Amino acid sequence: MTISLSTQTISHLIGGQQITESARDQAIYNPATGEEIRRVPLADNELLDTAVETAAQAQKSWRALGLAKRSQVFFKLAAIIRDEADDLARIITEEHGKTIPDAHGEIARGLENVEFCAGLMHHLKGESAEQVAGGVDVEQLKQPVGVVACITPFNFPAMVPLWMISTAIAAGNAVILKPSERDPSAVVWIAEAFSRAGLPDGVLNVVHGDKDTVNAILEHPTIKAVSFVGSTPIARHIYSTASAHGKRVQALGGAKNHMVVMPDADLDAAADAAISAGYGSAGQRCMAVSVLVAVGDIADPLIEKIKERITPLKLGNGADSDTDIGPLITAQARDRADQILASAPDEGAEIVVDGRESVTDRDGFFVGASLVDHVKPGMTVYEEEIFGPVLSVVRVDSYQDAVELINSNRYANGVAMFTRDGRTAREFKFDIEVGMVGINVPIPVPVGAFSFGGWKDSLFGDTHMYGPESFNFYTRRKVVTSRWPLPSESQIELGFPSN
Ligand code: NAD
């Protein structure tokens, strides 16, 4: 099966078949040029039903395949992704806008989960206890849940799908993958790579769509689990609707990540980190730093160092090797970031660097790196997840004020602290109510053997995603109690067994 990305309309992939016919479709843009580059079909309920039935059939034989054979698919997939990462990176950049090195970064993080999943035999080991009572043994198995749905956001068009589908498939499930309709071609490439790695048809099905498709997924009786990553209002909707329809759900939401800079911090390292985490991927990362919390009198020198570093940053097409910051995903995202920036002075903040002024190309969806000082809670620039290259500086007097500010925020995805003092760092780890913490690390990226996820309005559900927690999410426990009595040992026992 070969998928040509030059085709005008990309395909759904169901049971190994490419399907482009659709009553509805939608444009995909290159955000660096503003041009429509292809179209994506939007599935109706009938197509979703076909995909789910196909998945349910394929899952029966997939879960029955020997685990060593299942593992081979992941070893081969990892090799394909490693060897052909340039092709995937080009696709990501064309539809998302991020730079090529940044696209390679997300591929590397997705690949790490594929490699983690190659050890699936280890991750699927259950537990057992011998002789829980006389001649009685108990074992606890991890079995797949069946057909699972994975609904992914635009900002990591390869990494987040690879987080979800690799683990779901490794655990013996079949998948309905609904990628973001804004940059779905990376997922089409990944599905083809899975197929080349030997995954049987029907185990991974790609169903393109929008909110109507998602809502049909949430109510579909055959789908047993839903994994979602996206914005907070949608994550909340996914969690409540899918739970109400009896599914297990993990729904990761939006973020407003703070980076605390203590007075004793290495200011150059803090400024470098603020630039990298604030403006990398044009601020369109769930782990982007968007608020700098400057403690004591550190704000003025820190701002000076950040300003110096903003000046040489080049805004442009992510496909060009000299570009530092690419475009935002849509014209609407750009206009929203512009409007939030415009609101800042009216609400009492001070724009130190105005990224709207560095934009010369109005065809692409660009906003330049921006820095806003004297930001306070209640201001739009503080409250909203801008998802653009806008860094706010909040000045506070003390460590305690910094912790209170962050713990009062409704988002709790990631947080960072820059300090040279181990004791302050340790207190911060203990005090802060956020799911992922970086100490002198601005973006705690996902690491395969650990999990990924926030707290509060950044995650709805009980489990983090990625790594071992995902193996738990995509499996259900079965406890088997057994004994092999001799005929002479068998007797009627009407009382509830006691030990
Ligand atoms: P989004 O919520 O707009 O879309 C995510 C998915 O939901 C897409 O597949 C989309 O088709 C679907 N969707 C959109 N509107 C819907 C609706 N009304 N009903 C049902 N489904 C709907 O998110 P996005 O703009 O694609 O991604 C950016 C967001 O994702 C940011 O908020 C970012 O912080 C968040 N994010 C979070 C994490 C994390 O780990 N917490 C990781 C990546 C991205």
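Residues numbered from 1 in each chain as written. Predicted model: local features only at pLDDT ≥ 70, side-chain atom pairs only at ≥ 80, totals over all residues. Heavy atoms only, no water.

1. What about the overall build of the protein?
The helix and strand inventory of the protein stands at 16 helices and 22 strands. What you see for the protein is a C-alpha radius of gyration of 25 Å, in line with the 23 Å of a compact globule of 499 residues. Overall, the protein is about 85 × 55 × 40 Å in size when its C-alpha atoms are taken along their principal axes. The buried share among the 499 residues of the protein stands at 56%. Long-range pairs, those at least 24 residues apart, make up 72% of the contacts in the protein between residues at least 6 apart in sequence. Surface exposure of the protein reaches about 20,800 Å², of which carbon and sulfur atoms provide 50%. (Helix = DSSP H or I, 4+ residues; strand = E, 2+ residues; numbered from the N terminus. Rg over C-alpha atoms; globule rule 2.2 N^0.38 Å. Buried < 20%, exposed > 50% of the residue type's maximum accessible area, 1.4 Å probe, protein only. Contact = heavy atoms within 4.5 Å. Areas by Shrake-Rupley, 256 points an atom, 1.4 Å probe, with all protein chains shown as cover.)

2. Focus: the domain arrangement of the protein
Taken domain by domain, the protein consists of domain 1 (12–253 + 458–479) and domain 2 (257–439). Put simply, the middle of domain 1 and the middle of domain 2, counted by C-alpha atoms, are 31 Å apart. Each partner contributes to the interface: domain 1 provides 21 residues, whereas domain 2 provides 25 residues. Interface of domain 1 and domain 2: buried area, both sides summed, is about 1,800 Å²; carbon and sulfur atoms make up 60% of it. Three residues, Pro31, Ala32 and Ser458, lead the burial of domain 1 against domain 2; their summed loss comes to 26% of the area buried on that side. Connecting domain 1 to domain 2 are one salt bridge. With a shortest N-O distance of 2.7 Å, Asp102 and Arg285 are connected by a salt bridge. Summed over the shared surface of domain 1 and domain 2, the result is seven residue pairs in polar contact (both at pLDDT 80 or more). Elements with a minimum of two residues in the side of domain 1 that touches domain 2: helix 3 (85–96) and helix 4 (100–118). When its residues are assigned to classes, the side of domain 1 that touches domain 2 shows six nonpolar, ten polar and five charged. (Domains from an automatic or database assignment. Buried area = accessible area lost by both parts, 1.4 Å probe. Salt bridge = Lys/Arg side-chain N within 4 Å of Asp/Glu carboxyl O. Polar contact = N/O pair within 3.5 Å; in protein donor to acceptor, adjacent residues only side chain to side chain. Nonpolar A, V, L, I, M, F, W, Y, C, P; charged D, E, K, R; others polar.)

3. Considering the sheet that holds strand 18 (residues 414–418)
Taking strand neighbours across the sheet as the criterion, the seven strands line up as 14-15-16-13-12-18-19 in an open arrangement whose pairing is mixed. Edge strands, defined here as strands with exactly one partner in the open sheet, are strand 14 (350–353) and strand 19 (436–439). Averaged over all pairs of adjacent strands, the angle between strand axes in this sheet comes to 25°, irrespective of strand direction. Relative to strand 19, strand 18 runs parallel, the two sharing four bridges. Its bridge partner being in strand 19, Val415 is matched across the sheet by Val437. Across the sheet, helix 10 (residues 267–279) is in contact with strand 12 (257–261), strand 13 (289–295), strand 15 (370–373), strand 16 (390–396) and strand 18; its angle to strand 12 comes to roughly 170°. (Pairing = 2+ DSSP bridges. Axes fitted to C-alpha atoms, helices over the stretch in contact; angles between N-to-C directions.)

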